[in-house]
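Observations on the model geometry
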Amino acid sequence: MVVRGRERATPPHLRSNALPAAGPTIDLNEAGDTPILREYRAVKAEHPDALVLARLGDFYELFGTDAEVAAPILEVTLTGRGFGSAGRLPMCGVPHHAIAAHLRRLLDAGHRVVLWDQVGEVVAGRLVRREVTRVLSPGTAVDAELLEASRVARLVALIEADGRVGVAAFDLAGGELVVTEVTGGTGSVALRDELERLDVAELLTGDPASLPPSLLPGVVRTVLAPQLFDAGRAAERLATATGTVSLLGLGLEEMPVGVRAAGAVLGYCERSRVALEPGLLRLVPRQGGELMRLDPPTRRNLELLEPLGRGPSLAQLLDRTRTPMGARLLRRRLQEPLTEPAPIVARLAAVAALVTDRARREELRKRIGAVRDLERLVGRAVQGLATPRDLGAIRDACAALPAVATLMEGLPGDLAGLAERAVPPVEVGAQLTELLVEDPPLSAREGGFIRDGADPELDGLHASAAEAREFISGLEGRERERTGIRSLKVGYNRVFGYYLEIPHAHRDEAPADYVRKQTLVGAERYITPHLKEQETVVLSARERAVAREMELLVETTRLVTAHAPGLLACATAVATADVTQSLAAVADEEGWTRPEVDRSTVTDIEAGRHPLVETSLGRGAFVANDTSLDVAHRIVVLTGPNMAGKSTYLRQVALITLLAQIGSFVPAERARLGVCDRIFTRVGAQDDLSAGLSTFMVEMAETAAILRQATARSLLVLDEIGRGTSTYDGLSIAQALVEHIHDSPQLNCRTLFATHYHELTALAEHLPRVVNARVEVVEEGETVTFLHRIRPGGADRSYGIQVAKLAGLPASLLARAREILGELELHRPIETDRPAPAQLDLGLATPPANPVLDELAGLDLDDLTPREALSKLAELQERMGR
């Protein structure tokens, strides 16, 4: 433990004779009143919700409950210090040089951490001065060792007021603060979808009871005082952080609740000792409708970020980026498809230019890699946490950027004009090049990162130390010659410093100016006044040199901070170019084509392919298929056998649509795609036992959610709806669902509906915008061959027994299954060969017309202001309630 004067190098719990805590344990407040514990208690009182790590010598230690919580996470022994009959105070600790890895474990486990560091000199008889130097949480970490390079970790605040939820998402490592508002409460589907795409690391709230447990259940929740959400203070904090006098012109005028959330985020950062330099905050107001929301089932079914099987995810397939910031931007784009054609076309134009110009693309790929993660490097510099190696990486980035900017010149679309923004501030690169050695060390503790000749004061200190070392190195020869003692040696240890050692046989020959310091078994050790003077020069010069290097490090970090806006603009430009070249490389290597994107409601794909399945099968093995959805044909009812490729086909259409709307080429020979506001998928079967929901209930709940949120511009991908219940119930629900999508004024959207209910093919005869399609197979006796080709018309069989045979079921079982199938087909109550009535007679009536819905469907939303839209919505809602 602690220590007056010199602090121990090894804490008790890490010594070989340390014993695990035994007997009754006591609380921190019940332990003895030692000076260190008094100070520790005071720090703990200021940060009651955090684990406090105290720097004691070469270790960080935790006491009391903090130790009991941390020990199993850090996988270290929990020990204790005895306080007489009161019991033992639990303790644990870790070496200071390995603190980063242990911090990562604590943060990953969802804890806030306070570092209480030594900041004063160790003086005999005095307690070392300590201060809180860092307050870390999952959302405030910026250190490279604490973050995933390819993923953003956002600190997000939520507040509900006036029927809306304000959302503020802060990426501290990149300095970007996204502010938006979501209609509804904290339990709304819209909020869930918004948070899903933000990569939330920590959730801030002033009212924990208002957050449903199902909202990001694995994310740390931190409760803040309600005052931090005060509107007035929020405006002040935002104005200060953005370097403006007021919020006018920042795009936040229509988001008062979002402003309060942003104020809470900034207030929490101040409390966590995060540096918020005026003018460095990149504020991004986000209005609803700018980006496509993707619900969790769609993210899962399309394998955007995580694969469902052994193959790659879509993110992995597309990621040919060369920088971590490019990888993060690609991940962000995948989660935020655009919904307006103009910016999509701009992205596609940039990708097309690099697909065509392979030489430029390859050179750009090579040059961009040297820029590294400039965004986070600058972020650490702004926080005062940049290491010499970080500054060296910024220097290298500045050196690489001019060549990158040259390669970006003249590129169209999304890259137009970015070449000028990719040119770094001249002063930064020049100063870092002049100051730093070629390969700076990771830590500044021992110095050695300033180039010789860069600083006259430092050079003088080095020269003095060199002269003194030269004197000491030649001392042994000179003293041997002066004394005639050939066995005389010069040595050094940390206790006595430099010394002269003479064997006992010659101790009487020691000169008069030798002062004896230590007697050994076979020798005597001496010092001389001149030797001690030179030793002082060596040691003090080194300490002063390290101190001077630290001063230069601080000055250089301030220079980087002063030019942070320009450097971050370079980082944004390079990340955009990196994503563009990555998409171009994939398009070129995989044979993808540029889609035509417009505001129509057409999906016209020629020879489309599933990108992930094609990658798994290899080039040329995948069977391509066409898709046509337009005003006349809105719904495709797709039938065919199991294992024939229906689900793959459905997913591929959704993936091609999503790829086009992130600005990527698509796996098809040709594609014309009208932008979708949402993509919904109901594919695959899974239950939710923890919530007490069966597979069928999950299917129905997801389908209901889709119907509530979909619009006429949505794309619906529905696979085998109704299969989890009885035949009549399932068929009834499936037919009613197709009719509802077809007839509902607010829907009538592009829909792919795969089913084994072949009776549904009759709907095409009675619903004008429904068409049938089937997956083609070749039947030869008892065997079938799946051709995986989509053809017009409906299928009349599912070939379930043939698929069971392929799966290896016993022959006797298959024979019995054929017998039962024959009997069922002979007597089954659902007959497919009878003439269909005007509507399939399943007791489902067409819903009556509703004048409110008709008026809502006829509204021209482009001509309504937000206030007029809200007013009209309130009027329609009142009429519906009558």
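The rules behind the values
- Residues numbered from 1 in each chain as written.
- Predicted model: local features only at pLDDT ≥ 70, side-chain atom pairs only at ≥ 80, totals over all residues.
- Heavy atoms only, no water.
- Phe/Tyr/Trp six-rings, centres within 6.5 Å; stacked < 30°, edge-to-face > 60°.
- Helix = DSSP H or I, 4+ residues; strand = E, 2+ residues; numbered from the N terminus.
- Buried < 20%, exposed > 50% of the residue type's maximum accessible area, 1.4 Å probe, protein only.
- Lys NZ or Arg CZ within 6 Å of the ring centre and 35° of its normal.
- Contact = heavy atoms within 4.5 Å.
- Polar contact = N/O pair within 3.5 Å; in protein donor to acceptor, adjacent residues only side chain to side chain.
- Axes fitted to C-alpha atoms, helices over the stretch in contact; angles between N-to-C directions.
- Parallel < 35°, antiparallel > 145°, perpendicular 65-115°, else oblique.
- Left-handed = near helix turned anticlockwise from the far one by under 90°.
- Pairing = 2+ DSSP bridges.
- Core = buried A, V, L, I, M, F, W, Y, C linked by side-chain atoms within 4.5 Å.
- pLDDT = per-residue confidence, 0-100.

Throughout the structure, instances matching the rule amount to 4 aromatic pairs. Plain terms: the ring middles of Y40 and W116 are 6.1 Å apart, the flat faces sit at 65° to each other, and that makes the pair edge-to-face. Residue Y40 is found in helix α1 (residues 35–46), and its partner W116 is found in strand β5 (residues 112–118); the two are separated by 76 residues along the sequence. Measuring from centroid to centroid gives 5.6 Å for Y514 and Y526, while their planes differ by 50°, and the two rings are tilted. Here Y514 is found in the loop between β14 (497–503) and β15 (515–519), whereas its partner Y526 is found in strand β16 (residues 523–527), with 12 residues between them in sequence. Accessibility assignment for this pair places Y514 and Y526 in one class, buried. Here a set of aromatic residues connected by ring pairs shows up, and it is made of Y40, F63 and W116. Looking at R130, its charged tip hangs above the ring of W116, at a distance of 5.8 Å from the centre.

Along the chain, E720 turns up in the loop between β23 (715–719) and α22 (727–743). Take E720: its relative accessible area is 13%, and that puts it in the buried class. Through-space distance from the C-alpha of E720 to that of G730 is 9.3 Å; in sequence the pair is 10 residues apart. Among residues more than four places away in sequence, those in contact with E720 are K646, E699, A754, T755 and H756. One polar contact links E720 to H756, side chain to side chain, over a distance of 3.5 Å.

Attention now goes to unusual backbone geometry. Backbone geometry places D199, a non-glycine residue, at a positive phi of 50°. Structurally, the position occupied by D199 is in the loop between α4 (189–196) and β10 (200–205). Of note in this structure, E303 is not a glycine but carries a positive phi near 55°. Relative to the assigned elements, E303 resides in the loop between α7 (296–301) and α8 (314–318). We classify E303 as buried; its relative accessible area is 13%.

Any two packed helices are characterised by how steeply their axes cross, that is the angle between the axes, and by the distance between the axes. Viewed as axis vectors pointing N to C, helix α13 (residues 388–408) and helix α17 (residues 529–562) meet at an angle of 40°, and their least axial separation amounts to 11 Å. Between α13 and α17, the interaxial angle falls into the category oblique. Considering only the axes of α13 and α17, their crossing is left-handed. Where α13 approaches α17, its residues P388, L391 and I394 are matched on the opposing element by L553, T556, T557 and V560.

What follows concerns the pairing of strand β9 (residues 176–183). Here β9 lies mainly inside the structure; 7 of its 8 residues are buried. Note: strand β8 (residues 164–171) against β9, 8 bridges, orientation antiparallel. Within the sheet, the bridge partner assigned to V165 lies in β9 and is V182. As consecutive antiparallel partners, β8 and β9 are separated by 4 residues, and within that stretch G175 has a phi angle of approximately 80°, a positive value. Judged from the 4 bridges that link them, β9 and strand β12 (residues 282–285) form a sheet pairing that is parallel. The residue of β12 that forms the bridge with E176 is R282.

As summarised here, the arrangement of the 6 strands in space is β3-β4-β2-β1-β5-β6, forming an open sheet in which the pairing is mixed. Single-partner strands in this sheet number two, and they are β3 (79–82) and β6 (130–136). For this sheet the average axis-to-axis angle between neighbouring strands, irrespective of direction, equals 35°. Of the pairings in the sheet, the one linking strand β2 (residues 59–63) to strand β4 (residues 88–95) comprises 5 bridges and is antiparallel in character. Looking at β4, one finds that L62 is bridged to C92. Against the sheet, helix α2 (residues 64–74) touches β1 (50–56), β2 and β4, its axis set at about 45° to β4. Across the sheet, helix α3 (residues 99–108) lies against β1, β2, β4, β5 and β6, angled at about 155° from β5, the strand it touches most.

Attention now goes to the nonpolar core. Core analysis: the biggest nonpolar cluster contains 115 residues, and L314, L318, V371, L374, I394, M408 and L658 have the highest contact counts within it. A total of 14 residues in this core trace back to one element, the largest contributor, which is helix α18 (residues 564–590). Discounting residues that sit within four places of it in the chain, I394 has contacts with L374, L377, V378, V428, L432 and V560. Core analysis: the second largest hydrophobic core is formed by 73 residues, I26, L51, L155 and A261 among them.

Now for the pairing of β14. Where burial is concerned, most of β14 is hidden: 6 out of the 7 residues are buried. Looking at chain direction, strand β13 (residues 489–493) and β14 are connected through 5 bridges and run antiparallel. Opposite V490, over in β14, you have L500 as the bridge partner. The turn joining β13 and β14, which pair antiparallel and follow one another in sequence, is formed by 3 residues.

A separate point is the confidence of the model for the protein. Confidence in the prediction of the protein, expressed as mean pLDDT, is 87, and 89% of residues score 70 or more. No element of the protein has a lower mean pLDDT than helix α26 (residues 866–880), which averages 67, and none a higher one than strand β21 (residues 670–674), which averages 98. Under a pLDDT of 50 for its full length, residues 830–846 has, in the predicted model, 25 contacts with residues more than four places off or in other chains.

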